Amino acid sequence: MSLSKLLERIAQLLPVLLGVSVIVFVMMALTPGDPVQIMIGDQSITPEQEAELRRGLGLDRPMIERFFIFLGNAVQFDFGESFYHRRPVGDVIAERLPATIELSLVALIVALVTAIPLGVLAAIRKNSIFDRIATVGSLLGVSLPGFWFGILLLMLFAVHLHILPVSGRIGFDAEVRMVTGFLLIDTLLAGNLRAFGDALAHLILPAITLGLPMTAILMRVTRTSMLEVLRQDYVTFADAKGLSRRRVLFRHALKNALIPTVSVAAIETGSLLGGNMIVETVFGWPGLGRLVVESIFLRNYPLVQAAVLFYAVTYVLLNFIADLLYTVLNPRVKL
Amino acid sequence: MTRLQKLLTASALALCAATPAALAADLTVGFTLDADTLDPANHRKRETETIIRNMYDGLLTRDSSMKVVPEIAESITQVSPTEYDFKLRTGVKFHDGSDMTAEDVKFTLDRITKDGGMGDGVTSPRQGLMGPVASVDIVSDDTVRITLSEPWPILPAMLPNQQIVSKAWVEKVGNDGVATSENGTGPFKLVEWRKGDAIIMERFDDYYGGAADIAPVGKACVDRVIFKVIPESASRVAALLAGDVDIINELPPFSVAQVKNNENTDVLTVNGTRSFFIAMNMQGEFFDDPKVREAAAHAIDKDLIIDRILGGNAARIDGILSPDAFGSSELPRYDYDLEKAKALLAEAGYPDGLDVTMDVEGAFKDTAEAVASLLTKAGIRTKVEVGEGAQLVDKWRTKGAPKTGDMYFTSWGNGSLDPFDIFTPTHRTNDRGNSAGYSNPELDALLDTAAVEMDTEKRAAMYHDAEMMINADIPYLYLWVPQDIYGVSKRLKGWKPSADSRINLHDACIE
């Protein structure tokens, strides 16, 4: 891809971000519910003290003025101060981000390594018992609610079998110096294998719960596209040439069949990176999704605005990556 | 020291260092929310205060039966209706080793009560919790005087909400430092805050001992305290059953049996401070008629709902006040009586009944549905509509502006257990929690007088009169005060839940 194309892509990001800013700001401001009333809660308060609180949050100014202040600061990467944490929202989000990214990537890996072989196998043995089980399984995978499946896993592996921890990212006694914020990497950097094992044990259940629906989707995509490819003339031709079945499947068919899988995976990763509210809540995972949902209920405007902007950027970038992968897998496609 | 001695000492030290986790007594709390900040003056959430309270002590505190007792203060003297003197204890140390002085107390309270008191034009969000404090002055080395601009009898009940910080330290680290580190005078000091995950604290060995009136006095019992954030209640229960945590808060009523039946865990309850009630829109089409309101009061079988839906974990109320609140008293009851309800409706001109909606937040939908079915039986055909909390507040708590809607299933918390904090906002004309749109000038005058009455007996009598007025006017259908339910490990000793939902762990031990 040429440099000009890359610049063009980056330029396309700007109107998206501006549009998202306007929408998220207006939606938050117009949603009924007054942040000041929520904050005061069940208390008696004098009107003067209430006004002082409102002024402190910057909510005494008209909405239009607030919007331009927000926009002016946002272009300098200043998204304001969280109403509740009373610190810059950028800092608060940055603290939660590594946990969410680490969980998402592990869930992605879980999904890829299970979905692709299962999908290929189901396609090769179309209509076999295995195919049927896999198809029904994937239907279940998409339909099982995460909170239910997660709690089921918890009750089994943590409460009854006692082999995995209930919640959190790592035990209290593990002392790990944060370098990257990703515990699997930081524990290895510190050469602390026990802590690495502990972090991994904490990851297993949330990653499976989070990865399950994605596994199901990717498996179905892989199966369908593999079936499609297996019907193509070049596959028949390769078979006719007398190439081994294995060679035909993996060298000729699979590479092409994976194109849709890859793009779906990239886009689905966007939703994982948003932080999965349900999985993070069930497993007490200190990630972004939980923080954002709590903030919406509290009408913590600055935090929600910054987080939604972050989501927008993530989605655009992942789409871009999906396009790039496309060109790698299928050189006929030019960006 | 010989080489051998050195070697032995070193290996002994290494052994100690290698095994503290096994020897240390840890107490882990599975808690619903993380702290927003560690700055005692810069937050507005009960959960945040619950965590901070284990590291920071206040002038006053409450015991688990909600009695206000001196903590860092040695004694409290009311000099005049608007002046209180606090004599401070000596020998109280901050976690950095410095001595706490009257200067620190004044600094702490100024930081909270003054406009712009936090510096940079920032006012503490806790200012409103301190009422009409006009000034804080140092009378002598060990005495601080709080002066109010008008009498405010609940100052002692509200002071446990504020914790003392070190002036020198706050000035050194700034608000950003105070938000993420700590230097209190409390029984535990911060080891590490893993944001969103856990707050780890360890015992402060130079602790002065805590409130003299709450035994035992002395250092904390356990070595470490960990607040582990587990927002989902099923996961909190799982963590308790698995033995990962020793206390969990907000145990759901439907999990009580499971926790009780498990051999290593038990359930503890305490009367809460949140009153539940249903607002009837007195400016609306139906409930402007006192007969319709009375009919509704006779239509609800509170005892049945408490028993069947809330698992018996609630106390019935017939006025706004919790049975534990100051000034609460026995009140006339509107007994469950379907025939009477129907007759009243007919008298009011609705012999065939009427159709209304009841707004409720999702969390209380089940209970609201049960109430609605009882109302419907009596002829008040009620449809439950679930809304989001903040939106419903906007719709119903209009401070006097016209409102739409028929009924609102809601609640009001009363952490101080003083009527001022719940009665006035929910019943005074156009006040911020008056969702019924109720207006009774006689009651307004009574509430205003009671708010500043210094004689406790007279004040209690005034609130009794006020309860009798609302009991007769029925602006709300007063329902119940649910108990707070905790799950605990049987290894836990010396800890009792407290009505204000604090989890003070100074006295708690692990066997």
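Residues numbered from 1 in each chain as written. Chains lettered and ligands numbered in written order. Predicted model: local features only at pLDDT ≥ 70, side-chain atom pairs only at ≥ 80, totals over all residues. Heavy atoms only, no water.

*Asks:* Just checking my understanding: could you explain unusual backbone geometry for this structure?
*Replies:* What is expected of a backbone is that most residues other than glycine have negative phi and most peptide bonds are trans. Residue and element names in this part refer to chain B. In this structure, Pro216 follows Ala215 across a cis peptide bond, with omega equal to -5°. Topologically, Pro216 is positioned in the loop between strand E9 (198-203) and strand E10 (224-229). Here the phi dihedral of Asp120 falls at roughly 55°; this positive angle occurs in a residue that is not glycine. As for its placement among the helices and strands, Asp120 is situated in the loop between helix H4 (102-113) and strand E6 (133-140). (Helix = DSSP H or I, 4+ residues; strand = E, 2+ residues; numbered from the N terminus.)

*Asks:* Mind showing me how you'd approach the UniProt feature "transmembrane region" (unreviewed entry) in chain A here?
*Replies:* All names here are of chain A. The feature "transmembrane region" (unreviewed entry), as given by UniProt, occupies residues 12-30, 103-124, 144-164, 199-221, 257-279 and 308-329 in the numbering adopted here. Strand forms 0% of residues 12-30 and helix 100%; the C-alpha atoms that close the span are 28 Å apart. Between the C-alpha atoms that bound residues 144-164 the distance is 22 Å, and the span itself is 71% helix and 0% strand. (UniProt positions renumbered as here; feature names shortened; annotations may be inferred.)

*Asks:* Looking at this model, I keep getting lost on the sheet that holds strand E4 (residues 73-80) of chain B. Mind explaining?
*Replies:* For sheets, the rule is that strands pair by backbone hydrogen bonds, running either parallel or antiparallel. Residues and elements named next belong to chain B. Taken together, four strands build an open sheet; the order of strands is E4-E5-E7-E6 and the sheet is antiparallel. Taken across any chain shown, the strands that pair with only one partner, and hence form the sheet edges, are E4 and E6. For this sheet, the mean inter-axis angle between neighbouring strands, taken without regard to orientation, is 20°. Strand direction decides the pairing type here: strand E5 (residues 83-88) and strand E7 (residues 143-148), joined by five bridges, are antiparallel. Its bridge partner being in E7, Glu83 is matched across the sheet by Thr147. (Pairing = 2+ DSSP bridges. Axes fitted to C-alpha atoms, helices over the stretch in contact; angles between N-to-C directions.)

*Asks:* Quick question: what am I supposed to make of the state of the cysteines here?
*Replies:* Here a disulfide denotes one covalent bond, and it connects the sulfur atoms of two cysteines. Residues and elements named next belong to chain B. A full pass over the atoms with the stated rule returns one disulfide over all chains. Covalent S-S linkage joins Cys221 and Cys509, the inter-sulfur distance amounting to 2.0 Å. The sign of the S-S torsion, about 120°, decides the handedness of the disulfide formed by Cys221 and Cys509: right-handed. In this pair, Cys221 sits in the loop between E9 and E10 while Cys509 sits in strand E20 (residues 509-510), placing the two residues 288 residues apart along the sequence. (Disulfide = S-S within 2.5 Å.)

*Asks:* Mind showing me how you'd approach the packing of helix H1 (residues 3-30) of chain A against helix H4 (residues 63-74) of chain A here?
*Replies:* In helix packing, the relevant descriptors are the interaxial angle and the interaxial distance, both defined with respect to the helix axes. Residues and elements named next belong to chain A. With their axes 11 Å apart at the nearest point, H1 and H4 run at an angle of 140° to one another. Taken together, the axes of H1 and H4 lie oblique to each other. Crossing of H1 over H4 shows right-handed handedness. Side by side, H1 and H4 meet where Leu18, Ser21, Val22, Phe25, Val26, Ala29 and Leu30 of the first sit next to Met63, Arg66, Phe67, Phe70 and Leu71 of the second. Of the residues contributing to the contact of H1 with H4, the split by class is 10 nonpolar, one polar and one charged. (Parallel < 35°, antiparallel > 145°, perpendicular 65-115°, else oblique. Left-handed = near helix turned anticlockwise from the far one by under 90°. Contact = heavy atoms within 4.5 Å. Nonpolar A, V, L, I, M, F, W, Y, C, P; charged D, E, K, R; others polar.)

*Asks:* What is the right way to read the pattern of salt bridges from this model?
*Replies:* Two side chains bearing opposite charge may form a pair once their charged atoms approach each other closely. Per the counting criterion, the structure on display carries 52 salt bridges over all chains. Between Arg299(A) and Glu388(B) there is a salt bridge, with its nearest N and O atoms 2.7 Å apart. One end of the pair, Arg299(A), is in the loop between helix H13 (288-297) and helix H14 (301-329); the other, Glu388(B), is in the loop between strand E16 (380-387) and helix H13 (389-396), on a second chain. The shortest N-O distance in the salt bridge between Arg203(B) and Asp223(B) comes to 2.8 Å. Taken together, the positions of Arg203(B) in strand E9 and Asp223(B) in the loop between E9 and E10 put the pair 20 residues apart, joining distant regions of the chain. Residue Arg203(B) is classed as partly exposed on the basis of its relative accessible area, which comes to 22%. Among the residues examined, Asp223(B) registers a relative accessible area of 26% and is labelled partly exposed. (Salt bridge = Lys/Arg side-chain N within 4 Å of Asp/Glu carboxyl O. Buried < 20%, exposed > 50% of the residue type's maximum accessible area, 1.4 Å probe, protein only.)

*Asks:* Would you mind showing me how to read the packing of aromatic side chains here?
*Replies:* Aromatic ring pairs are described here by two measures, namely the spacing of the ring centres and the angle between the planes. Counted under the stated rule, the structure contains 17 aromatic pairs over all chains. Taking 5.0 Å as the distance between ring centres and 70° as the angle between the ring planes, the aromatic pair formed by Phe276(B) and Phe364(B) counts as edge-to-face. Of this pair, Phe276(B) sits in strand E13 (residues 274-280) while Phe364(B) sits in the loop between strand E15 (354-361) and helix H12 (365-377), placing them 88 residues apart in sequence. Members of the aromatic cluster, connected to one another through ring pairs, are Phe25(A), Phe67(A), Phe68(A) and Phe70(A). Over the face of the ring belonging to Trp193(B) we find Lys195(B), whose NZ or CZ atom lies 4.9 Å from the ring centre. (Phe/Tyr/Trp six-rings, centres within 6.5 Å; stacked < 30°, edge-to-face > 60°. Lys NZ or Arg CZ within 6 Å of the ring centre and 35° of its normal.)

*Asks:* Sorry, what's going on with the UniProt feature "domain: Solute-binding protein family" (unreviewed entry) in chain B here?
*Replies:* The UniProt record marks residues 67-429 of chain B with the feature "domain: Solute-binding protein family" (unreviewed entry), using the residue numbering of this structure. With 28% helix and 25% strand, the stretch residues 67-429 of chain B has end C-alpha atoms that lie 31 Å from each other.

*Asks:* What is the right way to read a positive patch on the surface from this model?
*Replies:* All names here are of chain A. Residues Lys241, Arg247, Arg251 and Lys255 make up a contiguous surface patch of positive charge. Relative to the helices and strands, Lys255 is located in helix H11 (residues 245-273). Taking relative accessible area as the criterion, Lys255 reaches 43% and is therefore assigned partly exposed. (Patch = residues over 30% accessible without salt bridge, like charges linked within 9 Å, V, L, I, M, F, W, Y side chains within 5 Å. Areas by Shrake-Rupley, 256 points an atom, 1.4 Å probe, with all protein chains shown as cover. Lys, Arg positive; Asp, Glu negative; His and termini not counted. Charge placed at Lys NZ, Arg CZ, Asp CG, Glu CD.)

*Asks:* Can you help me understand the nonpolar core in this one?
*Replies:* As a rule of thumb, nonpolar side chains are buried together in soluble globular proteins. Core analysis: the biggest nonpolar cluster contains 98 residues, and Leu27(B), Leu59(B), Phe227(B), Ile247(B) and Leu505(B) have the highest contact counts within it. Not counting chain neighbours up to four residues away, the residues in contact with Ile247(B) comprise Leu27(B), Thr28(B), Val29(B), Gly30(B), Tyr486(B), Gly487(B), Val488(B), Leu492(B), Trp495(B), Ile503(B) and Leu505(B). Membership of the second largest hydrophobic core comes to 51 residues, among which are Ile151(A), Ala239(B), Ala242(B) and Val259(B). (Core = buried A, V, L, I, M, F, W, Y, C linked by side-chain atoms within 4.5 Å.)

*Asks:* Got a minute to help me understand the pairing of E9(B) in this structure?
*Replies:* Here is the key point about a regular strand: its side chains alternate between the two faces of the sheet. All names here are of chain B. The pairing of strand E8 (residues 188-194) with E9 spans six bridges and is classified as antiparallel. Residue pairing for E9: Arg194 is matched across the bridge by Ala198. Bridging between E9 and E10 involves five bridges; their strand directions are antiparallel. In the strand pairing of E10, Ile200 is matched with Ile226.

*Asks:* Looking at this model, I keep getting lost on the pairing of strand E18 (residues 476-489) of chain B. Mind explaining?
*Replies:* Residues and elements named next belong to chain B. Burial within E18 is extensive, with 11 of its 14 residues counted as buried. Two strands pair when backbone bridges link them, and strand E12 (residues 265-271) and E18 are joined in this way by seven bridges, in the antiparallel orientation. Opposite Thr265, over in E18, you have Ser489 as the bridge partner. As judged from the four bridges shared by E13 and E18, these two strands associate in the antiparallel manner. Among the inter-strand pairings, Ala279 is bridged to a residue of E18, identified as Tyr476. Here strand E14 (residues 314-316) pairs with E18 via three bridges, running antiparallel. Note on E18: the bridge partner recorded for Arg316 is Trp480.

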